2 protein chains.
Amino acid sequence: MTTKEPSKRRTDIGQRYPKRVLKSPLQSLGVGPAESAQGTLFQGFHVLPQLPDSAILNVLLPGPFSGKPLSTALPRRPRASGRTTLADVARAASVSPITASRALRGERAVAPDLVERVRQAAQTLGYVPDPAARALASQRSTLVPVLVPLLSNALFVDVLEAVHRGLAPHGYQILIGVTHYDPQEEEKLLTSYLAMRPAGLLLTGFDRTDEARQRLAASGVPCVHLMETTRAPDVYCVGFSQQDAGERMVQHLLDRGHRRIAFAAAQLDPRTLQRAEGYRRCLRAAGCYDAGLELLSSEASSVRLGGELLAQLLDKHPDIDAIFFCNDDLAQGALLAAPRLGIRVPDQVAVAGFNDLAGSAEMLPSLTTVRTPRQAIGEESARMLLALMRGETPARNCMDLGFELTVREST
Amino acid sequence: MTTKEPSKRRTDIGQRYPKRVLKSPLQSLGVGPAESAQGTLFQGFHVLPQLPDSAILNVLLPGPFSGKPLSTALPRRPRASGRTTLADVARAASVSPITASRALRGERAVAPDLVERVRQAAQTLGYVPDPAARALASQRSTLVPVLVPLLSNALFVDVLEAVHRGLAPHGYQILIGVTHYDPQEEEKLLTSYLAMRPAGLLLTGFDRTDEARQRLAASGVPCVHLMETTRAPDVYCVGFSQQDAGERMVQHLLDRGHRRIAFAAAQLDPRTLQRAEGYRRCLRAAGCYDAGLELLSSEASSVRLGGELLAQLLDKHPDIDAIFFCNDDLAQGALLAAPRLGIRVPDQVAVAGFNDLAGSAEMLPSLTTVRTPRQAIGEESARMLLALMRGETPARNCMDLGFELTVREST
DNA sequence: CTGAAAGCGCTTACAG
DNA sequence: CTGAAAGCGCTTACAG
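Residues numbered from 1 in each chain as written. Chains lettered and ligands numbered in written order. Predicted model: local features only at pLDDT ≥ 70, side-chain atom pairs only at ≥ 80, totals over all residues. Heavy atoms only, no water.

- Under the annotation held in an unreviewed UniProt entry, chain A carries the name LacI family DNA-binding transcriptional regulator and is attributed to Simplicispira hankyongi.

Quick look at the structure:
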């Protein structure tokens, strides 16, 4: 535990902290304020988490401390946080706080030797800027909220990881918000995040409340939309055409000679429904669309549900020769349930999934699916947002990253 | 887009916002400040994301706005954020900002009618408190960082969801930090989160750098450790005995008559190694421990790897009659790979997993595993942290939530 | 029960 | 290139 005395401050007599008084790190540096140098008695002290041990000198008091302020010049009892502040750093470097601030942020021209001195002092004191103070003064935080529907889909975890890797090196901190596919919940999160003056925003898809849309626009916070594409010119997005991807998979099934192709879906979020549209478009064009072969469940997607959907579909339509599942977990569940149901895949029924999640390649038979570019979506959205936060205008407002049909044994 | 004029403030002439001047929401309420009521000319205005439409009256200016300050009394050009502040609410409710603050926070005794008036005004103005200002003034935010090793393990996602459900109703916001099992990364995250003056902290396990431990202690921020248990009296934790759980599973395999029991693990994080200890302890007690049957890979855990570990183990030790995998994804991979390798489960080799992840019950054969109480861990840790943040001392500093052996077809 | 003053720790906007 | 003043939007600590 490392401690210091608050310079020019009176504080509560340490009830919470051990009754020891430590020499000021500033004194150790030989740059302490006058009153420290003169040995003012300290009434209490606070813990300095950021202080490296090398800057500490322990000075034990002879007996229990009988705190009484020596200085009564203070007009009123101030609060003290005990934290190392910019002022401490500035004093240690013998510059003004503004110069210290500029030196640390690399802003404007500061004399190189001053920059070095400030950097040194900050390092020695273990100074960590207060993000709250910074946000308040600058009206801008370094926070970038990323709103995703859920974390239980590896899809979004992959996107989040990539976004994090893209933004962290530039000093931004991502803030993960989970909407559970609920526009109301998203609106609440947005309100709460907007109050934090975020530097930027990453949102999943375009489906949200009008209220949310308005607040977003009104806030002026740069925002990039994930997973989908749009033709609207005033919106930034990175994704791929969910509809085209759905269509592509169904075309593959048609190419394989299947004609009674079912669509099984859960969750029914906007992107799932877009894939459904692709399914319909493709089958209509081929003249084999049958609305009865769509099985849409609003339940959450899961391996277990996939097996149930398979059973239901084949029970009702024994002539089905292929099933396109809107997500890999459902398809995996179908593959696992098939042997128990006495269904041969792909001979009797071909099974296709979507997203190429973990385990799909290992299934028996291995799962034909659509590989979606979630890592690239994370990277590119971070890059686009970075540009927007710098005030630049990205070359394109909407990036279509495509997808990849991945044919394996199940079709 | 909703706007207002800044009261008592001069601002940049709207370059970013349309050149319209809107009537102040305060005026609409009939509680505007004197200068507004007298029709002071507005130089510019800002966007108010929080303002409900009902509070807005659009007043278009006749022509392009030729901004020139009427009032030159202001000593210097101030900054204006255009946000609805506590002062706005206070003015609308005709109380002082302090009273408004207290009324909104439900702190101390404020006259009920005043509370109502303030609440009303806040509602009408769509006031959202500034968390940065609040944190700065109170030295305490409502943020609760939760540090987990990764998000790609459903285990931690479940814990996070439960923690969120436990803390959100009390006004705390969780902040997800991913350490990637790297103590250095955790230390960095901790430093950055500690600077935000978090209300509390949730950490996974006890394995961290000394530096991190010190900063943690020095910060005085209430902290609960997840997933593991300890006998140390000064530490708060909610979890279960990983070692006992490992031991329990191996005992089950012994009970089934298996004697050549292998242990296959990946990631090798502290909890995995504790399970390994349980495995060893149990087999040593039974007199059938063989160090050669341990296959420890530092790779990340995955379905694919599980199949590889199975193949390796049986290649090297064809006499193995059971394998305990440290995590379900590995065990699932083994079950999926077994048919391709010509291995019959459980007749030839029994397969056991750990955690009861999604899909384990659907495997063929279904997977015997240990169900871990991650939801309860999330709930109870939130409850314990809540108590600590209120300054209370929880009855027990360490909660052991146990685990449940779940026997299915694979053993 | 209510409020005026001061302060939290930074940065902006000026001025030199 | 450097700094004194003011301000960001709240709450604490007093005083009544």
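Back to the text.
1. Quick word on the relation of the copies chain B and chain A
Okay, step 1: Expressed as a screw transformation, the operator carrying chain B onto chain A has a rotation angle of 180° and an axial translation of 0.0 Å, and the superposed copies differ by an RMSD of 0.1 Å. Read as a symmetry element, the transformation amounts to a two-fold axis. Within chain B, Ala132 of chain B has its C-alpha nearest the rotation axis, a separation of 2.2 Å.
Okay, step 2: Comparing interface residues between copies, 96% of those in chain B also lie at the interface in chain A; the contact surface is shared. (Least-squares fit on C-alpha atoms with pLDDT ≥ 70 in both. Contact = heavy atoms within 4.5 Å.)

2. Topic: helix α3 (residues 86–93) of chain A
Okay, step 1: Within α3 of chain A, burial applies to Asp88, Val89, Ala90, Ala92 and Ala93 of chain A.
Okay, step 2: Just beyond α3 of chain A, the residue with positive phi is Ser94 of chain A, at close to 55°. (Buried < 20%, exposed > 50% of the residue type's maximum accessible area, 1.4 Å probe, protein only. Helix = DSSP H or I, 4+ residues; strand = E, 2+ residues; numbered from the N terminus.)

3. Re the pairing of strand β8 (residues 223–227) of chain B
Okay, step 1: Counted residue by residue, β8 of chain B has five buried out of five residues, so it is predominantly covered.
Okay, step 2: Each parallel crossover has a hand, and the one from strand β7 (residues 201–204) of chain B via helix α9 (residues 210–219) of chain B to β8 of chain B is right-handed. (Right-handed = clockwise from strand over helix to strand, strands pointing away.)

4. Some words on the packing of aromatic side chains
Geometrically, a pair of aromatic rings is defined through the distance of the ring centres and the angle of the planes.
Okay, step 1: Applying the stated criterion across every chain, the model contains 12 aromatic pairs over all chains.
Okay, step 2: With 6.5 Å between their ring centres and 25° between their planes, Phe240 of chain B and Phe354 of chain B make a pair best called stacked. Remark: Phe354 of chain B occurs in the loop between β13 (350–352) and β14 (369–371) and Phe240 of chain B occurs in the loop between β9 (237–239) and α10 (242–255); sequence separation between them is 114 residues.
Okay, step 3: On the basis of an interplanar angle of 75° and a centroid distance of 6.3 Å, the ring pair of Tyr279 of chain B and Tyr289 of chain B is categorised as edge-to-face. Of this pair, Tyr279 of chain B sits in helix α11 (residues 270–286) while Tyr289 of chain B sits in the loop between α11 and β11 (294–296), and the two are 10 residues apart along the sequence.
Okay, step 4: In textbook terms, an aromatic cluster arises when at least three aromatic residues are bridged by ring pairs, as seen for Phe240, Phe263, Tyr279, Tyr289, Phe324, Phe354 and Phe403 of chain A.
Okay, step 5: Stacked on the ring of Tyr289 of chain A, the Lys or Arg Arg284 of chain A has its end atom at 4.7 Å from the ring centre. (Phe/Tyr/Trp six-rings, centres within 6.5 Å; stacked < 30°, edge-to-face > 60°. Lys NZ or Arg CZ within 6 Å of the ring centre and 35° of its normal.)

5. Focus on the interface of chain B and chain A
Okay, step 1: Counting from both sides, the interface comprises 51 residues of chain B and, opposite them, 50 residues of chain A.
Okay, step 2: Our count for the contact surface shared by chain B and chain A stands at four salt bridges.
Okay, step 3: Two residues, Asp130 of chain A and Arg197 of chain B, come together in a salt bridge whose shortest N-O distance is 2.2 Å.
Okay, step 4: Where chain B meets chain A, there are 10 residue pairs in polar contact (both at pLDDT 80 or more).
Okay, step 5: Within the residue set of the side of chain B that touches chain A, elements represented by two or more residues are α6 (131–138), α7 (154–167), β6 (173–178), α8 (183–194), α9, α12 (303–316) and α13 (328–341) of chain B. (Salt bridge = Lys/Arg side-chain N within 4 Å of Asp/Glu carboxyl O. Polar contact = N/O pair within 3.5 Å; in protein donor to acceptor, adjacent residues only side chain to side chain.)

6. Describing the pattern of salt bridges
Okay, step 1: For the coordinates displayed, the defined rule picks out 46 salt bridges over all chains.
Okay, step 2: The shortest N-O distance in the salt bridge between Asp244 of chain A and Arg281 of chain A comes to 3.0 Å. Linking Asp244 of chain A in helix α10 (residues 242–255) with Arg281 of chain A in helix α11 (residues 270–286), this pair joins segments that are 37 residues apart in sequence.
Okay, step 3: Under the relative-accessibility criterion, Asp244 of chain A is labelled partly exposed at 36%.
Okay, step 4: Linking Glu294 of chain B and Arg280 of chain B is a salt bridge whose minimum nitrogen-to-oxygen distance equals 2.6 Å. On the criterion of sequence distance, the pair formed by Glu294 of chain B in strand β11 and Arg280 of chain B in helix α11 is long-range, its members being 14 residues apart. Across the pair, exposure class does not vary: Glu294 of chain B and Arg280 of chain B are buried alike.
Okay, step 5: Where salt bridges share partners, they join Asp356, Arg371, Glu404 and Arg408 of chain A into one cluster.

7. Looking at the environment of Ser94 of chain B
Okay, step 1: Mapped onto the fold, Ser94 of chain B is located in the loop between α3 (86–93) and α4 (97–105).
Okay, step 2: Through-space distance from the C-alpha of Ser94 of chain B to that of Ala121 of chain B is 9.6 Å; in sequence the pair is 27 residues apart.

8. Some thoughts on the side chain of Arg374 of chain A
Residue and element names in this part refer to chain A.
Okay, step 1: Tracing the sequence through the fold places Arg374 in helix α14 (residues 374–389).
Okay, step 2: Residue class for Arg374 comes out buried when judged on its relative accessible area of 11%.
Okay, step 3: A distance of 3.0 Å separates a polar atom in the side chain of Arg374 from a polar atom in the side chain of Asp158.
Okay, step 4: Within the structure, the side chain of Arg374 is placed 3.2 Å from the backbone oxygen of Asp356, a separation counted as a polar contact.
Okay, step 5: Setting aside residues up to four positions removed in sequence, Arg374 forms contacts with Leu155, Asp158, Val159, Asn355, Asp356 and Leu357.

9. So, helix α6 (residues 131–138) of chain A
Okay, step 1: Two or three places before Ala132 of chain A, at the opening of α6 of chain A, Asp130 of chain A has a side-chain oxygen 2.7 Å from that residue's backbone nitrogen.
Okay, step 2: Within two residues after α6 of chain A, Gln139 of chain A carries a phi angle of roughly 60°, on the positive side.

10. Quick word on the sheet that holds strand β10 (residues 261–265) of chain A
Within a sheet, neighbouring strands are paired by backbone hydrogen bonds and run either parallel or antiparallel to one another.
Residue and element names in this part refer to chain A.
Okay, step 1: Within the open sheet, the four strands sit side by side as β11-β10-β12-β13. Their pairing is parallel. Two strands close off the open sheet at either side, each with one partner strand: β11 (294–296) and β13 (350–352). Along the sheet, successive strands turn relative to each other by an average axial angle of 15°, direction set aside.
Okay, step 2: Judged from the three bridges that link them, β10 and β11 form a sheet pairing that is parallel. Along β11, the bridge assignment pairs Ala264 with Leu295.
Okay, step 3: Contacts from α11 reach β10 and β11 within the one sheet, and its direction differs from that of β10 by about 170°. (Pairing = 2+ DSSP bridges. Axes fitted to C-alpha atoms, helices over the stretch in contact; angles between N-to-C directions.)

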